[in-house]
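# Coordinate inspection notes
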Amino acid sequence: MMIQNEIQERVLTGVQIVFKFQGEKPSFGDLFLMTGDEHPDFSPTNEVFSCLEAFEFTQVDDFFGIENPNLDEGGDVIVWLFPQVDDEDVYHHDGPFDAIKLSYDVVRNAVGHQSLLESIFNTLNENLKVDIYFQGEAIHNFELVKTFIDEAVQYCQEELGVEPGSDEALMLDE
């Protein structure tokens, strides 16, 4: 059984799901297609990441994110997507990338936003040839992630005394 501090640390760290590519690895131009546009300086090598276009990812600094349309409920980005090389997030990198990481902060997101993460997970799982990892373990569906999020929400409400996505919750990481 984990001690309270370990549980709190995992809750505050949030959800990190890594999708490691099998075979062909995407470039920055490929990833950029998720924004609904082609990057003027980085041509895509295939169209597979256009499957994420409906989620309205935008380029946020060196990464991609889905911005929160309602800042009264949670932080400014609901879901982050980070390109990775050698198990590390990379900055100013053209690719190819070994993996992408989805990041979802349970504390900073209103309850209900996790359905967006689940939809992105399922879209990636259906459209990409990847091995998927959560907390270092290979997974094939969203069940383990959903269980973690449900338990993290309950921990926030019962142990930390905050509602995820509330102003009080946003103050926890300051």
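These remarks concern the structure in this document. Just so we're clear, the structure is a prediction, and the values are computed from it rather than from any experiment. (Residues numbered from 1 in each chain as written. Predicted model: local features only at pLDDT ≥ 70, side-chain atom pairs only at ≥ 80, totals over all residues. Heavy atoms only, no water.)

Moving on to the overall build of the chain. Of the regular secondary structure elements, the chain holds five helices and eight strands. Sequence-ordered secondary structure for the chain, helices as α and strands as β, is α-β-α-β-β-β-β-β-α-β-β-α-α. Dimensions of the chain, computed from the C-alpha atoms along their principal axes, are close to 50 × 35 × 25 Å. Counting all 174 residues of the chain, 44% fall into the buried class. Intrachain contacts of the chain at a sequence separation of at least 6 include 58% that bridge at least 24 residues. On the chain, roughly 9,400 Å² of surface is accessible, and the fraction owed to carbon and sulfur atoms is 45%. Computed over 7 positive and 37 negative side-chain charges, the separation of the two mean positions in the chain equals 8 Å. (Helix = DSSP H or I, 4+ residues; strand = E, 2+ residues; numbered from the N terminus. Buried < 20%, exposed > 50% of the residue type's maximum accessible area, 1.4 Å probe, protein only. Contact = heavy atoms within 4.5 Å. Areas by Shrake-Rupley, 256 points an atom, 1.4 Å probe, with all protein chains shown as cover. Lys, Arg positive; Asp, Glu negative; His and termini not counted. Charge placed at Lys NZ, Arg CZ, Asp CG, Glu CD.)

Another aspect to go through is the packing of aromatic side chains. Considering all chains together, one arrives at 11 aromatic pairs under this definition. Relative to Phe148, the ring of Phe134 lies with its centre 5.7 Å away and its plane at 70 degrees, an arrangement referred to as edge-to-face. Placement of Phe134 in strand S7 (residues 130–134) and of Phe148 in helix H4 (residues 143–160) is noted, with a sequence separation of 14 residues between them. Considered together, Phe134 and Phe148 belong to a single accessibility category, that of buried residues. Among the aromatic side chains, those forming a connected cluster through ring pairs are Phe28, Phe32, Phe42 and Phe64. The ring centre of Tyr133 lies 5.4 Å from the NZ or CZ of Lys20, which sits over that ring. (Phe/Tyr/Trp six-rings, centres within 6.5 Å; stacked < 30°, edge-to-face > 60°. Lys NZ or Arg CZ within 6 Å of the ring centre and 35° of its normal.)

Such coordinate-based values are descriptive only and should not be taken to indicate function.
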